[in-house]
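Structural features, examined
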Amino acid sequence: MDITRLARGLSVESMEIGLNWSLRVAWIAGIFPLLVASLPSSRLNPLYELLLGFSKRGKIMQSSSYLSVPQRFFLHFYLLGVAWTTVLLLTTWYYASQVAPLGSESLSLSTAAGHLTGLSHISSLYKSRIHTADKRYKVWVSVFLLLLMEMQVLRRLYETLYVFKYSNSARMHIFGYLMGIFYYTAAPLSLCTSFVLVALNFTLDKLAVLKLAYQGVPSMEFDWWGYLRPLANLGWHQWAGAALFAWGWVHQWRCHAILGSLRKCREQSDEYVIPRGDWFEIVSSPHYLAEIVVYLGLLVASGGTDFTIWLLLGFVVANLAFAAAETHRWYLHKFEDYPSNRRVIFPFVY
């Protein structure tokens, strides 16, 4: 049994390495064409127009466009994001609490379950793989990042349901829709690639032993403070990143509320109006700027040592900057009195 679990553990570690590199390749594949298409060369216009067609949605996309879906399908992104991030968070959090204690003792699900030989044996096997304090710390950093991501996707789900009122004519390209599905699958994974598969493997092993011992899943008594205490022991990188995340989170909420209020106004009129307030006074797409700040916060909270998270941020910046440029051009074309001091997405720079 031990040999089988050890062999499976080695296989899982190999799969995690493969997953990590697959995500890195995917993010690079998303960043590279956006950067190339943004270069000031007429030879690149076909690539630019192709990518622009893929990214168009809402007011900058014709409602009669082929290969499009309703923009209200944005809801699918956040339903997926909430469900998937929740699974990753709970699995990684449970694994961290049982195998990677930051204190002197690990947590137990219940007094009875904690003394089961099978459960203790499994925990011992997995603890041997993350025997250093640095590795245990990184597991809890992954939990912290997923907790922040959960806050982000939950708010986006709420906004899609109750803030934004998409018109029946609002469309987005099918490629953009598929990219959204991919993004909300890959982004949470990128925050925990080093531990997610082994955490899932550990949880399944624990559940199998519990089911065998109890002939079903028993009622559990959770030590809630015990599960939260290690997060309070994280370092300044994590809390500085959380503060930056919160700053972007709040401003994106405000900017989305402004855009949502404009949509309510348009129910009585077909005319678009210039959005005003908050970061709209300095850039044309402040909700995109706020999202970049959110992911910058995640990078800072990670400690900045994971190249996959750097690439995730790079894709967010490249993708949103590309989309913001078209939105800015649309505003300039639509409104003769559009404020000249507003930049595209980065204040005073671009």
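These remarks concern the structure in this document. Predicted model, so just to flag it, every value in this text is computed and none were measured.

Points about the overall build of the protein chain
- Secondary structure summary: the protein chain contains twelve helices and two strands in total.
- Each helix and strand of the protein chain, placed in order from N terminus to C terminus, yields the pattern α-α-β-α-α-α-α-β-α-α-α-α-α-α.
- Across the 350 residues that make up the protein chain, the buried fraction comes to 49%.
- Intrachain contacts of the protein chain at a sequence separation of at least 6 include 85% that bridge at least 24 residues.
- Accessible surface, the protein chain: about 17800 Å² in total, of which carbon and sulfur atoms supply 64%.

Let's talk about unusual backbone geometry
- The phi angle at Asp-278 is positive, at roughly 50°, despite the residue not being glycine.
- Within the fold, Asp-278 resides in the loop between α10 (236-266) and α11 (286-302).
- Given the relative accessible area of 27%, Asp-278 is considered partly exposed.

Overview of the environment of Val-198
- Inspection of the secondary structure puts Val-198 in helix α8 (residues 196-214).
- Sequence-wise, Val-198 and Glu-13 are 185 residues apart; in three dimensions their C-alpha atoms are separated by 7.1 Å.

Topic: a nonpolar patch on the surface
- Taken together, the side chains of Ile-28, Phe-32, Phe-307 and Trp-310 present a nonpolar region at the surface, about 450 Å² in accessible area.
- At the level of secondary structure, the elements contributing two or more residues to the nonpolar patch comprise α1 (2-37) and α12 (307-334).
- Within the element layout of this structure, Ile-28 appears in helix α1.

Here's the deal with the packing of helix α2 (residues 45-55) against α12
- Viewed as axis vectors pointing N to C, α2 and α12 meet at an angle of 85°, and their least axial separation amounts to 10 Å. On the basis of the axis angle, α2 is roughly perpendicular to α12. Where α2 approaches α12, its residues Tyr-48, Leu-51, Leu-52 and Ser-55 are matched on the opposing element by Phe-322, Glu-326 and Arg-329.
- When its residues are assigned to classes, the contact of α2 with α12 shows four nonpolar, one polar and two charged.

Topic: the pattern of salt bridges
- Evaluation of the coordinates by the stated rule reveals six salt bridges.
- What you see here is one network of salt bridges that share partners, running through Arg-155, Arg-156, Glu-159 and Glu-291.

Section: the packing of helix α7 (residues 174-190) against α12
- In the contact formed by α7 and α12, the axes pass within 10 Å of each other and the chain directions differ by 150°. Our classification of the angle between α7 and α12 gives roughly antiparallel. Here α7 runs over α12; the crossing is left-handed. Here α7 contributes Met-179, Tyr-183, Ala-187 and Ser-190 to the contact with α12, which in turn contributes Thr-308, Ile-309, Leu-312, Phe-315 and Val-316.
- Per-class residue counts for the contact of α7 with α12 are seven nonpolar, two polar and no charged.

What to know about the packing of aromatic side chains
- Following the criterion strictly, the structure yields 22 aromatic pairs and no others.
- On the numbers, 5.3 Å between centres and 80° between planes, the contact of Trp-247 with Trp-279 is edge-to-face. Of this pair, Trp-247 sits in helix α10 while Trp-279 sits in the loop between α10 and α11, placing them 32 residues apart in sequence.
- The exposure class assigned to Trp-247 is partly exposed, which follows from its relative accessible area of 47%.
- Aromatic rings pair up to connect Trp-27, Phe-73, Phe-74, Phe-77, Tyr-78, Tyr-177, Phe-182, Tyr-183, Tyr-184, Tyr-295 and Phe-315 into one cluster.
- A cation over a ring is seen here: Arg-24 above Trp-21, with NZ or CZ 4.8 Å from the ring centre.
- Its guanidinium or amino end placed over the ring of Trp-249, Arg-155 lies 5.0 Å from that ring's centre, counting from NZ or CZ.

Focus on the side chain of Thr-91
- Tracing the backbone through its elements, the reader meets Thr-91 in helix α3 (residues 74-99).
- Apart from the residues lying within four places of it in its own chain, the contact partners of Thr-91 are Ala-199, Leu-200 and Thr-203.

Criteria and cut-off values
The numbers attached to residues start from 1 for each chain and follow its sequence in the written order. Reporting of local features is limited, given that this is a predicted model, to residues whose pLDDT is at least 70; pairs of side-chain atoms are given and counted only at 80 or more, and all residues count toward the totals for whole chains, interfaces and linings. Excluded from the side-chain calculation are hydrogens and water; included are all heavy atoms of the structure. Per the convention used, a helix needs a DSSP run of H or I reaching at least four residues, while a strand needs a run of E reaching at least two, with both numbered from the N terminus. Only protein chains enter the calculation, and the probe is 1.4 Å; a residue is then buried if its accessible area is under 20% of its type maximum, exposed if over 50%, and partly exposed in between. Contact criterion: two residues are considered in contact whenever any of their non-hydrogen atoms come within 4.5 Å of each other. With residues, only the protein chains shown are counted as cover, and all accessible areas are computed by Shrake-Rupley using a 1.4 Å probe. The patches described consist of residues with a relative accessible area above 30% and no salt bridge, like charges being joined within 9 Å and nonpolar side chains (Val, Leu, Ile, Met, Phe, Trp, Tyr) within 5 Å. For this document, the term salt bridge refers to a Lys or Arg side-chain nitrogen within 4 Å of an Asp or Glu carboxyl oxygen. Only the contacting stretch of a helix is used when fitting its axis, a line to C-alpha atoms as for every element, and angles between N-to-C directions run 0 to 180 degrees. Should an angle fall under 35 degrees it is called roughly parallel, over 145 degrees roughly antiparallel, and 65 to 115 degrees roughly perpendicular, with every other angle called oblique. Residues are grouped as follows: Ala, Val, Leu, Ile, Met, Phe, Trp, Tyr, Cys and Pro are nonpolar; Asp, Glu, Lys and Arg are charged; all remaining types, including Gly, are polar. Helix crossings fall into two classes, left-handed where the near helix is turned counterclockwise from the far one by less than a right angle and right-handed where it is turned clockwise. Classification of ring pairs uses Phe, Tyr and Trp, with its six-membered ring standing for Trp, and accepts pairs whose centres are within 6.5 Å; under 30 degrees between planes counts as stacked, over 60 as edge-to-face, and the remaining range as tilted. To sit over a ring, a charge needs its Lys NZ or Arg CZ within 6 Å of the ring centre and within 35 degrees of the ring normal.

Worth remembering: the numbers are spatial, not functional.
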